[in-house]
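# Summary of the model geometry
In case you want the letters, here they are:
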Amino acid sequence: ERERERERGADHEYKTHQIRHIMGIEDASMRNGRALSDQWADSVVVRPRTTEQHITVNKRLVLGFAISILTLIIVTAIAITLSVSFERCAAESSGALAANGSSNSKWKQSQNANISHRDSEDGQQPWRHLRLPATLRPRHYDLRLSVYMENFTFSGEVHIEFECVHSTKLIVLHTDRLEVDKVLVYSDSKKAGVMRIQRRFHYQPKQVYVIALHREMKPLRTYKINITFHAHIEHELLGFFRSSYVLNGERRFLAVTQFSPTHARKAFPCFDEPIYKATFRVSLKHESSYQSLSNMPVEASMSDEDGWVTNHFSRTPRMSTYYLAWAVCNFTYREAVTESGVVIRLYARPDAIQSGSGDYALHITKRLLQFYQDYFKVKYSLPKLDLLAVPKHPYAAMENWGLSVFVEQKILLDPDVSSFSYQMELTMVVVHEICHQWFGDLVTPVWWEDVWLKEGFAHYFEYIGTDFLFPKWNMEKQRFLTDVLHEVMLLDGLASSHPISQEVFQATDIDRVFDWIAYKKGAALIRMLANVMGQPLFQRGLNDYLMTHMYGNAARDDLWNKFSEAMQREGKDINITQVMDRWTLQMGYPVVTISKNDSLDNSVTISQEHFVYDTDAKIQNPELFNKSFQWQIPLTLAVGNSSHISTETIIWVSNKTETHRVGHMGGETWLLGNINQTGYFRVNYDLHNWRLLIQQLMTNSTIISVGNRAGLIDDVFNLARAGYLPQNVPLQMISYLSQETEFLPWHAASRALYQLDKLLDRTEDHSLFSVSLISDQFTVCCILTLTSAIRNTRLISSSTELQREVMMLACSFGNKHCHRQAVSLISDWISSNKNRIPPNVRDIVYCTGVSLMDEDVWEFIWMKFHSSTAISEKKVLLEALTCSDNIFLLNRLLNLSLTSDLVPDQDVIDVIIHVGRNPLGRHLAWRYFCEKWDILNSRYGEALFMNSKLISGVTEFLNTEAELNEVRLNFYKSAPAFARAVEIVQANVKWHILFQQQFYRWLRKALDG
Ligand SMILES: [Zn+2]
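None of the values given here were measured: they were computed from a predicted structure. (Residues numbered from 1 in each chain as written. Predicted model: local features only at pLDDT ≥ 70, side-chain atom pairs only at ≥ 80, totals over all residues. Heavy atoms only, no water.)

### Notes on the packing of helix α23 (residues 842–852) against helix α24 (residues 855–867)
At a minimum axis distance of 7 Å, the contact between α23 and α24 shows a crossing angle of 140 degrees. Taken as axis vectors, α23 and α24 run oblique relative to one another. Residues Y846, G849 and V850 of α23 touch α24, and the partners they reach there are V857, W858 and I861. Here the residues of the contact of α23 with α24 sort into five nonpolar, one polar and no charged. (Axes fitted to C-alpha atoms, helices over the stretch in contact; angles between N-to-C directions. Helix = DSSP H or I, 4+ residues; strand = E, 2+ residues; numbered from the N terminus. Parallel < 35°, antiparallel > 145°, perpendicular 65-115°, else oblique. Contact = heavy atoms within 4.5 Å. Nonpolar A, V, L, I, M, F, W, Y, C, P; charged D, E, K, R; others polar.)

In structure tokens:
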């Protein structure tokens, strides 16, 4: 992972349809817990009702007798009628639900199986299941909250109007950490009235509240429940939580929500699953010194005499609970209005608003709303969109409909000190969240197992939307490759990877599905599909999908069907579901091998196999070993020679091995697969073809597109790492870079070299490697680019990105000229106390300075870290401190980060990871991580992206047998992230055994020659 990586994870969600009950699936630990919680549930006292106490005994007897007889007659008649209408209703309602979601027959079967299961034993206690019983459906919530900021508590009252789908006596809905005070249930029939409650209790293992009624509720009828409750505004960043900031030396507090994926239940009782869409009317009461926000605008605001105000927000359209939101704060805002009249406001700390830090995000949001409206051909649904910049948030951002929340670092931009990469990262986060207003909020996944669909889309659109804002950044055609495709293929090439669609069996699985595979592989698959379909058809399919399912839920098959239809209308008969199921239900990806046949018929043999870095890891996993994965691969292919490349043809490869004819091929003609790297797979060739491609790059690289040049570099390094190619091929290929003038191939190469360097940096011969890089290729170009990079103060074009990249390589591989410049820039800063270092290269200069210069520089940077107020600058300074070669200082930094409040919580993880990237700090960071695991896990365990980022960060470059044993001993088999860590370290160790000697032998020979 690179510094640019985001810990986004949080805007979330997912899909598959419906009311699927994973019934009867409970693990051993739950079974053990059952006895205890049963006792608890049973101990709830059933209070006798006392409403009839004024009726005398005699009257009761007479009344009772008359009623009994009457009832007997009526009941018999009604029972017959009802049983008929109930059957009809049940059939209708299940039909209605199915129409909303997937039509997948496998799915229906499992649903039927579940329903019959429910009718038997488990049906008696539906609160034990992962999913709510599908017996009731909410229609509308009236939610009134009073918020007490002085003691961080709130009290509330919710009226939920719901419909009965299957007759039941039970109301099961979600609550967590709420104290329920009063519950009333009303029937909505003509004889309106309170329904008697037999008993009610909270069942914590499933975070549900159960209300058992005396009388059954009947299908097709509506009912109302009224619950009053109170709770704390927690410090933990989930549900309705608080955080603070300092303004003019005074601490100010705010309270805000984070409900995705399953935390709305911490703020009010609700049917907290995405399928249960309803309308919401929220009102918030608080002291008038605060203001409040929610998804919708304020409809009415009432002040009372004692200084309190109540804001009534307009009713929302139908929506799911996880993107409902509100906030109580005293922020100020700036505003913009789109042509169609949508009011966009950016709310932040008053000082940030005043300095204009929010203006950039506000400006791009206005353009983006228009962009998405035009692209999807669907209007933005709400009258307003607020962007809220909060000091603390568990994720980079959350796409609440009409009230999206961002952590300050991902939305506030100070143009004077922010680097280009900070600006780009921030832009992409905003583009992502705005995309979700349609893809996620307007149309919502049915269930969490396909969370990748909404996240993959939003991640893909980061590149499409940013291209709209800044076409010169070349996001979709270029950046996407290194930052998404190459990145996720590293992860997904492990035997411990998993399919992108993950089944959700228990509550903890819901958090687990938000991972890089979901985001990045999702985006890569959607990009592949968009390229196969062509943009007009892709757009038409999306429009159809959004129009059909707006204000509702949809599953992946619904989207595939719309895409298939769009293709069919153009006479292209491709079953998208069939193609995509191979990519979404199987883990990993293929390596396609293309080799020229000896025959004279211009034919090639194309074969596919599952790409895995360490084949032993696959063999050790029997389940995986027995599977023979195959994909339907849209392979694009071109042939070329020194002066010409053919137009691409597309070949669908679905067998293990196939023979195809291609255009005319002479002895010097090379083949190139996966044109512009639009496909999610690697391509390998026979060695002769590799040699021809390398030759082409050396003589005239521009015949091959920029994207393919970067793609060839990434493929060649990874194929060698996995043993598909000799170790010298990648190094031979990158020697062409001295003539490369585009950023992307350099970026791909530097990522690959960085990986290789971390593998080698503690070996005896390491200097051979670094010397080979800076002496052969880099010296000349580096001196040139470095000086011009330093001369420019604002570096935002692609050519300066290239300068930065080359400079980073030069400094990290020991180029003396680069080192001298960095040292003199730091010295100048210290002596003049003026920082003249361009923001774009500050990370490189600071890190180089700290690693080469004495302890005083470290202290100087540490001091600047404390005095700096710009968020982006603070982070760069902090990370520079990890570059020291002084173990004592590194240790001190680790301790200060974790145990003092000098380092912000969210940055502690980066400190540990960066210490681990320093070869001298690697073991230190690992040991520290092991020692402090309990503290780290309790602090970051819930913020999943952080946790898995930390685990992979401290382990990915460990590569000795001893370290492998430590990882195994300490953590084997716990979290999925540890299984991945073990496999990576194992592959590192194996690489050393198999290839290290071969690698150095070749290097020595090349340097001598
Ligand atoms: Zn998202």
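### Notes on unusual backbone geometry
Of the consecutive residues S260 and P261, the connecting peptide bond is found in the cis state with omega at -5 degrees. Even without glycine at this site, N248 takes up a positive phi of about 50 degrees. Within the element layout of this structure, N248 appears in the loop between β9 (239–247) and β10 (250–258). Phi at Q677 takes a positive value of approximately 45 degrees, unusual for a residue other than glycine. As for its position among the elements, Q677 is in the loop between β29 (670–673) and β30 (682–685).

### Some thoughts on the sheet that holds strand β16 (residues 332–337)
Strands sit in the order β16-β17-β18-β20-β19 across an open sheet of five strands; the sheet is mixed. What marks the edges here is a single partner per strand, and that holds for β16 and β19 (397–398). Two strands pair when backbone bridges link them, and β19 and strand β20 (residues 403–407) are joined in this way by two bridges, in the antiparallel orientation. The partner of A397 across the bridge, within β20, is F406. In the packing of helix α5 (residues 359–376) onto the sheet, contacts are made with β16, β17 (343–348) and β18 (384–390), and the angle to β17 comes to roughly 155 degrees. (Pairing = 2+ DSSP bridges.)

### A word on the confidence of the model for the protein chain
With 84% of its residues at a pLDDT of at least 70, the protein chain reaches an overall mean of 84. Throughout residues 1–57 the model reports pLDDT below 50, and contacts reaching past four residues in sequence, or to other chains, amount to 188 contacts. Predicted confidence for residues 776–799 stays below pLDDT 50, and this span has 50 contacts to residues more than four positions away or in other chains. (pLDDT = per-residue confidence, 0-100.)

### Overview of the UniProt feature "site: Transition state stabilizer" (unreviewed entry) in the protein chain
The UniProt entry lists Y519 under the feature "site: Transition state stabilizer" (unreviewed entry), expressed in the numbering used here. Checked against the element boundaries, Y519 lands in helix α10 (residues 516–533). Residue class for Y519 comes out buried when judged on its relative accessible area of 1%. (UniProt positions renumbered as here; feature names shortened; annotations may be inferred. Buried < 20%, exposed > 50% of the residue type's maximum accessible area, 1.4 Å probe, protein only.)

### Quick notes on the packing of helix α22 (residues 816–832) against α23
Running from N to C, α22 and α23 point in directions that differ by 90 degrees, and their axes come no closer than 9 Å. The orientation of α22 relative to α23 falls into the category roughly perpendicular. Counting all contacts with α22, which are made through H819, A822, V823, L825, I826 and W829, the residues of α23 involved are V845, Y846, T848, G849 and L852. Taken together, the residues of the contact of α22 with α23 break down into eight nonpolar, three polar and no charged.

### A look at the pattern of salt bridges
Oppositely charged side chains may form a pair once their charged atoms are brought near each other. Tallying each qualifying case throughout the model produces 44 salt bridges. Between R540 and E570 there is a salt bridge, with its nearest N and O atoms 3.3 Å apart. Taken as a pair, R540 in helix α11 (residues 535–549) and E570 in the loop between α12 (556–569) and α13 (576–585) lie far apart in primary sequence, 30 residues in all. Residue D907 is joined to K875 by a salt bridge in which the shortest nitrogen-to-oxygen separation is 3.4 Å. Here K875 lies in helix α25 (residues 871–880) and D907 lies in helix α27 (residues 905–917), a separation of 32 residues in the sequence. Connected through salt bridges with shared partners, the residues K875, E879, D907, D910 and K949 form a single ionic network. (Salt bridge = Lys/Arg side-chain N within 4 Å of Asp/Glu carboxyl O.)

### Brief notes about the packing of aromatic side chains
Scanning the entire structure with this criterion turns up 67 aromatic pairs. The interplanar angle of 85 degrees and the centroid separation of 5.1 Å between the aromatic rings of W127 and F201 together place this pair among those described as edge-to-face. With W127 in the loop between α3 (105–119) and β1 (136–148) and F201 in strand β6 (residues 197–203), this pair connects stretches of sequence that are 74 residues apart. In this structure, W127 and F201 share a single accessibility class: buried. Centroid distance Y589 to F611: 5.5 Å. Interplanar angle 15 degrees. Geometry classified as stacked. With Y589 in the loop between α13 and β23 (590–596) and F611 in the loop between β24 (603–610) and α14 (615–620), this residue pair connects regions lying 22 residues apart in the sequence. As far as burial versus exposure is concerned, Y589 and F611 are alike and both buried. When the ring centre of Y333 is taken as origin, the NZ or CZ atom of R345, which lies over that ring, is 4.1 Å away. Its end group placed over the ring of F865, K874 keeps NZ or CZ at 5.0 Å from the ring centre. (Phe/Tyr/Trp six-rings, centres within 6.5 Å; stacked < 30°, edge-to-face > 60°. Lys NZ or Arg CZ within 6 Å of the ring centre and 35° of its normal.)

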